[in-house]
Amino acid sequence: MKHFTALYYALDATTRTAEKVRALEGYFASAAPEDAAWALYFLTGRKVKRAINTRLLREWVAAKARLPLWLVEESYDTVGDLAETLALLLPEPRAVADWPLHRLVAERIASLPELSPERQRAIVIDTWRSLDAPQRLVWHKLITGEFRVGVAATLVSRALAKVAQVAPPIMAHRLMGDWQPTAEGFRRLLEGDGGQPNVGRPYPFFLAHPLQAPLDSLGDRADWQVEWKWDGIRAQLIRRQSETLIWSRGEELVTDRYPEIVDVATKLPDGIVLDGEILAWQGDRPLPFAVLQRRIGRKRVDRRLKTAAPVAFMAFDLLELNGQDRRDEPLDRRRELLEQLVAPLADRTALRLSPLVDAESWPELERLREQSRANAVEGFMLKRRTSGYGVGRPRGDWWKWKIAPLAIDAVLIYAQRGNGRRASLYSDYTFGVWEAGELVPVAKAYSGLTDEEIQQVDRFVRQNTLAKHGPVRVVKPELVFELHFDRVQISKRHKSGVAVRFPRMARWRHDKPAAEADSLDAVRRLAEPIHQAADERMLF
């Protein structure tokens, strides 16, 4: 635990990529495999089941530190990070032990959710006796399910690749899918699998950067394949050894949620991996993302849900064919093979071939892009025809060219603390618009402001709090922000009657008083109905 705690603090202390990779490489090269496996598990964003009710944890710390509970709560309010607050309040241990990380997980974390509060309390207090303050902080984050540190999974993969002495894309592929945090599993990651792919293992996703340069900077229009940018869930469809699996981009196995896609995929030959997008789809058009959301969190799908929220897999790339990795082949060739494979099945609702956009020039393409929202898409994907299928988000070969966002001016009405380095700052906000003389919440956002602006808003929140509801502060409605988002949909699930897609803060409107913020009617008017496109070339 000392070794893992030292790694946590080393990662938390720097923003330099090289230093983070160096710290990770040093840890994985020296840690015991059984500990390194669990460190890798946590560092790549995986979590064990939340073990402890945080309210109980605060009460136990108050009793152990001989402090009133209100003082613990006020300390938390000041520090902003619960794990750190509790670690600082506890008395020093009599003797510090060095728990191996894997033993701490197996003996002190994994069993906690199934125990009574009394037994949980005994184990937690006994563990406190053998950990110093830095170890306690990490321990608290693990048992509350709040372990986060400023390191991307790509950096973890890069460091592990150095330890294994393999190329980063190879390690990125090994880390995909379902691997177990065991000593043997960690050794297999380092040693490889003899070139034989795991039956269920997906490939690392190739991601695109937003296009910000002028179109003509890309060169000849003929050098680029253009597709619609679909508004769904990125996924890989795998068909190997008569087994069908669907992996989301978040490395979640979602096969059971989309049985109609699985049914069609059984018609595909073995040794196939397709990259694509899961969409809510009916007839020849996509449905709003809000329809797809009804399927996202469901573990079981009945006939009624399949009828109310039909789905399709929109295939746009071929990564594996006949069990052979085809990612290094040029996009033109992969597209040709994809068409041969999917076209015979594409009349089936649940498996479709992503159509190419027919436009001879960049100006013509720009005109077509303006009709994206009417076609329930987000714009275009531009892919160099000679490109291979990369790993991560390299620049140059794939670009996403999205339509201009929708915008409203809204008033800050609620605030919460953020996470990570913003744990002590009020940086997560809820915004409202006017309806019958009252502010109605319509969006939550936490990105778009500079660090300096967040500091200023934090001071305003602390000085202008009207009420507290748990971690939420109700603030004086004075600050106005311009919000951007991709789409507005009418929604019965929200009090406001609307749902906004990907809200973010574009700028702080110092020039506008709260009374001049937008109304709910103005937001509703942005929820344009999807209509039939006039240009026949745009039909799906």
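Scroll up for the structure.
Residues numbered from 1 in each chain as written. Predicted model: local features only at pLDDT ≥ 70, side-chain atom pairs only at ≥ 80, totals over all residues. Heavy atoms only, no water.

In this structure, the largest pocket spans a volume of roughly 1,300 Å³. At the level of secondary structure, the elements contributing two or more residues to the lining of the largest pocket comprise helix H1 (2–12), helix H4 (54–65), helix H5 (69–79), helix H6 (82–89), helix H9 (133–143), strand S12 (406–417) and strand S13 (426–435). Per-class residue counts for the lining of the largest pocket are 14 nonpolar, twelve polar and 18 charged. Of the volumes computed, that of the second largest pocket is approximately 980 Å³. In this structure, the second largest pocket is lined by 38 residues; those nearest its centre are Lys 229, Glu 378, Lys 400, Lys 402 and Phe 502. Counting residues per element, the ones that place at least two in the lining of the second largest pocket are strand S2 (224–228), strand S3 (233–240), strand S10 (379–384), strand S11 (398–402) and strand S14 (438–445). The greatest single-element share of the lining of the second largest pocket, amounting to four residues, is contributed by S11. (1 Å grid on protein atoms, 1.4 Å probe; cavity = no way out; pocket = protein on both sides within 12 Å on 5 of 7 lines; lining within 4 Å. Points joined across faces, edges and corners; volume = space filled by probe spheres on them. Helix = DSSP H or I, 4+ residues; strand = E, 2+ residues; numbered from the N terminus. Nonpolar A, V, L, I, M, F, W, Y, C, P; charged D, E, K, R; others polar.)

Looking now at the packing of aromatic side chains. Applying the stated criterion to the full structure yields 19 aromatic pairs. Seen from their ring centres, Tyr 8 and Phe 147 are 5.6 Å apart, and the 50 degrees between their planes marks the pair as tilted. Taken together, the residues Tyr 8 in helix H1 and Phe 147 in the loop between H9 and helix H10 (153–164) connect sequence positions 139 residues apart. Across the pair, exposure class does not vary: Tyr 8 and Phe 147 are buried alike. (Phe/Tyr/Trp six-rings, centres within 6.5 Å; stacked < 30°, edge-to-face > 60°. Buried < 20%, exposed > 50% of the residue type's maximum accessible area, 1.4 Å probe, protein only.)

Quick look at the pairing of S13 now. Within S13, seven of the ten residues are buried, which leaves it mostly tucked inside the rest of the structure. Sheet topology note: the S12/S13 ladder contains six bridges and is antiparallel. Bridge pairing in S13 links Val 411 to Gly 432. Two strands pair when backbone bridges link them, and S13 and S14 are joined in this way by seven bridges, in the antiparallel orientation. Following the sheet pairing, Glu 435 is matched in S14 by Glu 438. As consecutive antiparallel partners, S13 and S14 are separated by two residues, and within that stretch Ala 436 has a phi angle of approximately 55 degrees, a positive value. (Pairing = 2+ DSSP bridges.)

Summed over the entire model, instances satisfying the criterion amount to two cavities of 30 Å³ or more. Empty space within the largest cavity amounts to approximately 50 Å³. Looking at the largest cavity, the residues that line it are Arg 373, Val 377, Glu 378, Lys 402, Ile 403, Ala 404, Pro 405, Asp 486 and Arg 487. The class makeup of the residues in the lining of the largest cavity is four nonpolar, no polar and five charged. One number sums up the size of the second largest cavity: a volume of about 40 Å³. Lining the second largest cavity, in full, are Phe 42, Arg 46, Lys 47, Val 48, Lys 141, Leu 142, Gly 145 and Phe 147.

Okay, the packing of H4 against helix H8 (residues 117–128) next. Where H4 meets H8, the closest approach of the two axes is 11 Å, and the angle between their N-to-C directions is 55 degrees. With respect to H8, the element H4 is oriented oblique. By crossing handedness, the relation of H4 to H8 is classed as right-handed. The residues of H8 that touch H4, namely those facing Leu 56, Leu 57, Trp 60, Val 61 and Lys 64, are Pro 117, Gln 120, Arg 121, Val 124, Ile 125 and Trp 128. Across the contact of H4 with H8, the residue classes break down as eight nonpolar, one polar and two charged. (Axes fitted to C-alpha atoms, helices over the stretch in contact; angles between N-to-C directions. Parallel < 35°, antiparallel > 145°, perpendicular 65-115°, else oblique. Left-handed = near helix turned anticlockwise from the far one by under 90°. Contact = heavy atoms within 4.5 Å.)

Turning to the packing of H8 against H9, a few remarks are in order. At their nearest, the axes of H8 and H9 sit 11 Å apart, and the two run at 155 degrees to each other. The angle between H8 and H9 falls in the class roughly antiparallel. Along its contact with H8, which presents Val 124, Thr 127 and Trp 128, the element H9 presents Arg 136, Trp 139 and His 140. A breakdown of the residues in the contact of H8 with H9 according to their chemical character gives three nonpolar, two polar and one charged.

Turning to the nonpolar core, a few remarks are in order. The biggest cluster of nonpolar side chains holds 61 residues, and the ones touching the most others in it are Leu 24, Phe 28, Leu 43 and Trp 139. Among the elements that take part in this core, helix H3 (residues 33–43) stands out by supplying eight residues, more than any other. What Phe 28 contacts, discounting residues up to four positions off in sequence, is Ala 36, Leu 40, Leu 43, Val 156, Leu 160, Val 163 and Phe 186. Within the second largest apolar cluster, 34 residues are counted, among which are Leu 237, Ile 272, Leu 305 and Phe 313. (Core = buried A, V, L, I, M, F, W, Y, C linked by side-chain atoms within 4.5 Å.)

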